[in-house]
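Observations on the model geometry
What follows is the residue order along each chain.
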Amino acid sequence: MNQILDYNSGQNSGGSSNSDKIVRVFAILIIIFALALCGVGIYGKIKNSNDEKSKKAEETKAEIVVTKQDSEVNIRVTHDKSIERLIYRWNTSSEKTEKGTGKSTMELNVPMPAGENVLHIKVVDINGVETTYENTFKSESGVDIITPVIEIKPDGNKLKVTATDETSLDFLTYRWNSEEEQKVEPSEDNPKEITVEIEVMKGKNDLTIVAVDSSNNTATETKAFTGVTQPEIVAVVSEDGAQVDIKVTHEQGLKSITVEINGSEPIQVDIGEGNPVNAEFPIPLSEGENNIKVNAISTENIPASKEATFTYTPEPMPDPNANRNEPKISMIQSEDGKFVSVRVEYEAGLKSVGLLFNEQEYVIDIGTENPPQASFDLELNEGENRIVVTTVGTDDSEGVLDQEYNYAP
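Predicted, not measured: the structure shown is a model, and the values here were computed from it. (Residues numbered from 1 in each chain as written. Predicted model: local features only at pLDDT ≥ 70, side-chain atom pairs only at ≥ 80, totals over all residues. Heavy atoms only, no water.)

So, about the pairing of strand S20 (residues 288-298). The sheet contact formed by strand S17 (residues 254-261) and S20 spans 7 bridges and is antiparallel. Across the sheet, the residue bridging to Ile257 is Ala296, located in S20. Relative to strand S21 (residues 303-312), S20 runs antiparallel, the two sharing 10 bridges. By the bridge assignment, Gly288 is partnered in S21 with Tyr312. (Pairing = 2+ DSSP bridges. Helix = DSSP H or I, 4+ residues; strand = E, 2+ residues; numbered from the N terminus.)

Below you can see the structure in the form of structure tokens.
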């Protein structure tokens, strides 16, 4: 029994020792694999770094040597690669480009302008690597070789075009598309600059600007512009002069319209739903001067404004009696002074005749046919007598005659 126990005990001890060895070997293999991965990563970084250094070493710059001569400068470029192009300009003039011929050297003589000027050079090799050069040269025997500078700035629905030159300009031309050129010359006060405002044509169009200086140096610039229009505002005074009829139109639609009358706060005009292409509305005028300002904005946010002063003088109301004749009334006293003959006439016809005789009222019977005339006699009392005759015509026109007569038997 003891032998069996000793034997089994020995087997268990040996098994545990073998397991430990396997674990240790496996751990060592993992460490070796990790070290290998690290090595690969470090190698990749070193290789990339070397490639980057090698690439930078390949991006060598060109050597640019400029020599001043009598009225020009000599530009000589050497490189270890083919030269793609050489670009140069004086001061801020337009650039000029000379293409390479596939060689690693290039030489060029450039006329030198008079006075003190800065020469800018840029050399581009076959790999696109650029080498720049800049230096100032002064010459008394140089010539004018600098082209004018053209600047185009949008200003609302117009373009402000400015051409400048270091010496003097001869003229500027502009044209839309293939239309006829328009020529503009500089003023005597400022021959170095020409400024012109150009209306932008509706739609997409090409504008070509040409500026020529006094030495025939020419600068040309062509740009495409898409023109938009302002809303159109029309104001028409009505026949009676009592109001102004406003009409606003825009081909893309109207966004808003406001009106200011005699400096008032802007009044919003109801243009209806959506964005109509036209809107019409009246503005009543007050007696005297009326300053009216109409502001409109299109759906493209292009504003327009129109301001004018309108004077309104109302016509006086017509007098209904202005062209209407009054009935005629006449009174004649007899030779003996005892009687007064009264006669009433109206061509349109008499409607009624009233009498006030010595403060007593009477109605004279003229019949029912509205006669054009009527007459009657009055016997006067001794002393003062007052006679007032009132006549009404068929058109309600009135005539009144008030007379006093004295009778002394």
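We are not done yet, so read on.
Moving on, we come to the sheet that holds S21. As a general point, the strands of a sheet are linked pairwise by backbone hydrogen bonds and lie either parallel or antiparallel. The strand order across the open sheet formed by 4 strands is S18-S17-S20-S21, and the pairing between neighbours is antiparallel. Edge positions in the sheet fall to strand S18 (267-268) and S21, since each of these pairs with one other strand and no more.

Turning next to the confidence of the model for the chain. Mean pLDDT for the chain: 86, with 87% of residues reaching 70 or above. This model gives residues 1-16 a pLDDT under 50, and the stretch forms 0 contacts once residues within four places in sequence are excluded. (pLDDT = per-residue confidence, 0-100. Contact = heavy atoms within 4.5 Å.)

The next point concerns the pairing of strand S15 (residues 232-237). Direction of pairing for S15 relative to strand S16 (residues 243-249): antiparallel, over a ladder of 6 bridges. By the bridge assignment, Ala235 is partnered in S16 with Ile246. If you look at the hairpin formed by S15 and S16, you'll find 5 residues sitting between the two strands, and Gly241 has a positive phi there, around 75 degrees.

Following the criterion strictly, the structure yields 12 salt bridges and no others. Note that Glu151 is salt-bridged to Lys153, the shortest N-O span being 3.8 Å. Judged by relative accessible area, Lys153 falls into the partly exposed class, the value being 47%. For the salt bridge of Glu181 with Arg175, the shortest nitrogen-to-oxygen distance reads 3.5 Å. (Salt bridge = Lys/Arg side-chain N within 4 Å of Asp/Glu carboxyl O. Buried < 20%, exposed > 50% of the residue type's maximum accessible area, 1.4 Å probe, protein only.)

Let us now look at unusual backbone geometry. Positive phi is not limited to glycine here, since Asn216 has a value of about 70 degrees. Along the polypeptide, Asn216 turns up in the loop between strand S13 (203-213) and strand S14 (218-227). For Asp396, which is not a glycine, the phi torsion comes out positive at approximately 70 degrees. Along the polypeptide, Asp396 turns up in the loop between strand S27 (383-393) and strand S28 (398-407).

Time to look at the environment of Val353. The residue Val353 is located in strand S24 (residues 350-357) in this model. Put simply, Val353 and Val392 are 39 residues apart on the chain and 6.5 Å apart in space, counted from C-alpha to C-alpha. Among residues more than four places away in sequence, those in contact with Val353 are Val344, Val363, Ile364, Ile366, Phe376, Val389, Thr390 and Thr391.

This paragraph deals with the sheet that holds strand S1 (residues 63-68). Here 3 strands make up an open sheet; going across it, the order is S1-S2-S5 and the pairing antiparallel. A single partner strand is all that each edge strand has here, and the edge strands are S1 and strand S5 (105-111). Between one strand axis and the next, the sheet turns through 15 degrees on average, direction left out of account. Where strand S2 (residues 72-78) meets S5, 7 bridges bridge the pair, whose relative direction is antiparallel. The residue bridging Val77 from the neighbouring strand is Met106, located in S5. (Axes fitted to C-alpha atoms, helices over the stretch in contact; angles between N-to-C directions.)

To continue, consider the environment of Ser305. Within the secondary structure layout, Ser305 lies in strand S21. Relative accessible area serves as the criterion here: at 46%, Ser305 is assigned to the partly exposed category. C-alpha of Ser305 to C-alpha of Pro231: the two residues are 74 residues apart in sequence and 8.5 Å apart in space. When neighbours within four sequence positions are excluded, Ser305 is seen to be in contact with Ile233, Lys293, Val294 and Asn295.

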